[in-house]
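Examination of the molecular architecture
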Amino acid sequence: MNKLCAFKWLLLAMSLLGSGTFYIAFADHDEHRNKYEHEKKENKAAEHNDHRDLAPVTDSTYTENCGACHFAYQPGLLPSGSWGKILDGLSDHFGEALEFDPYSIKTIAEYLKTHAADNSPSKLSRKLMKSIGSRTPLRITEIPYIRREHHEMDARVFARESIGSFSNCTACHKTAEKGIYDDDAVAIPE
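Everything in this summary refers to the structure shown in the same document. (Residues numbered from 1 in each chain as written. Predicted model: local features only at pLDDT ≥ 70, side-chain atom pairs only at ≥ 80, totals over all residues. Heavy atoms only, no water.)

**A look at the overall build of the protein**
Summing up its helical and strand segments, the protein has eight helices and zero strands in all. Listing the helices and strands of the protein from first to last along the sequence gives α-α-α-α-α-α-α-α. Across the 190 residues in the protein, those meeting the buried criterion constitute 31%. The long-range fraction of contacts in the protein, counting pairs at least 24 apart against all pairs at least 6 apart in sequence, stands at 58%. Accessible area for the protein stands at about 13100 Å²; split by element, carbon and sulfur atoms hold 56% of it. (Helix = DSSP H or I, 4+ residues; strand = E, 2+ residues; numbered from the N terminus. Buried < 20%, exposed > 50% of the residue type's maximum accessible area, 1.4 Å probe, protein only. Contact = heavy atoms within 4.5 Å. Areas by Shrake-Rupley, 256 points an atom, 1.4 Å probe, with all protein chains shown as cover.)

Here's what the structure looks like:
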């Protein structure tokens, strides 16, 4: 009787295999796995920007005033003390005398302080703060972590007309405006 039962099961399995039922079951499994992988990637991307990268600039007053002359750097690139010193020195802002109305200064100061590296949940901001220690750099390019990340770059690369200077992040970091400074998003122009 066992041989007859085993033979029936074998026939049933062969008929199901021939009809595609097993294929559908396996295809359904692959579809669920693909959906799971897609959801996992989406969650990782969301987590990526919340914890690893910097929050993109969202303050229009800051963007309109500071971004009119240069890239509106994310506040998470410098500690609040550095931003305060920069705003206190607008009469000689890296060789330029700047004048903003009091409302704009107040709005920008609040935005920069609230989102500064010492107040940011970003992993990058924590790395920057660790490398800064108790110093208050006035330039992002003075931060030890930033300098280490670019140490293999020849100074002549930054002097290229297509880049201009070490402080022109967007020349090479194509996703800098989104707060993403990942090596995967770097394209060094000729």
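Moving on, there is more to tell.
**Points about the environment of P121**
Checked against the element boundaries, P121 lands in the loop between α5 (102-115) and α6 (123-132). Note on P121: relative accessible area 52%, which makes it exposed. Sequence spacing of P121 and A55 is 66 residues, and the spatial spacing of their C-alpha atoms is 9.2 Å.

**Structural notes on the environment of R160**
Structurally, the position occupied by R160 is in the segment after α8 (155-158). Along the sequence, R160 and E190 sit 30 residues apart, while their C-alpha atoms lie 7.5 Å from each other. For R160, the contacting residues outside a window of four places in its chain are I188, P189 and E190.

**Digging into the side chain of S82**
Mapped onto the elements of the fold, S82 is located in helix α4 (residues 80-88). Judged by its relative accessible area of 0%, S82 is buried. Those residues in contact with S82 that sit more than four places away from it in its chain are T136, P137 and L138.

**Points about α5**
The terminal C-alpha atoms of α5 lie 20 Å apart, and with 14 residues this matches the ideal 20 Å at 1.5 Å per residue to within 8%. Looking at where α5 begins, the residue whose side-chain oxygen comes 3.2 Å from the main-chain nitrogen of Y103 is D101. (Expected span 1.5 Å × (residues − 1). Polar contact = N/O pair within 3.5 Å; in protein donor to acceptor, adjacent residues only side chain to side chain.)

**Let's talk about the nonpolar core**
Of all hydrophobic cores here, the largest spans 26 residues; its most connected members are Y62, Y73, W83, I143 and Y181. Where this core is concerned, the elements lending two or more residues are α3 (60-66), α4, α5, α6 and α7 (144-149). Counting five residues, the second-largest nonpolar core is a separate cluster that includes V157, F158, I163 and A171. (Core = buried A, V, L, I, M, F, W, Y, C linked by side-chain atoms within 4.5 Å.)

**Regarding the pattern of salt bridges**
All chains considered together, the criterion is met by two salt bridges. A salt bridge links K106 to E110; its shortest N-O distance comes to 2.9 Å. Here K106 pairs with E110, and both are found in helix α5, just four residues apart, close to one helical turn. We classify E110 as partly exposed; its relative accessible area is 44%. (Salt bridge = Lys/Arg side-chain N within 4 Å of Asp/Glu carboxyl O.)

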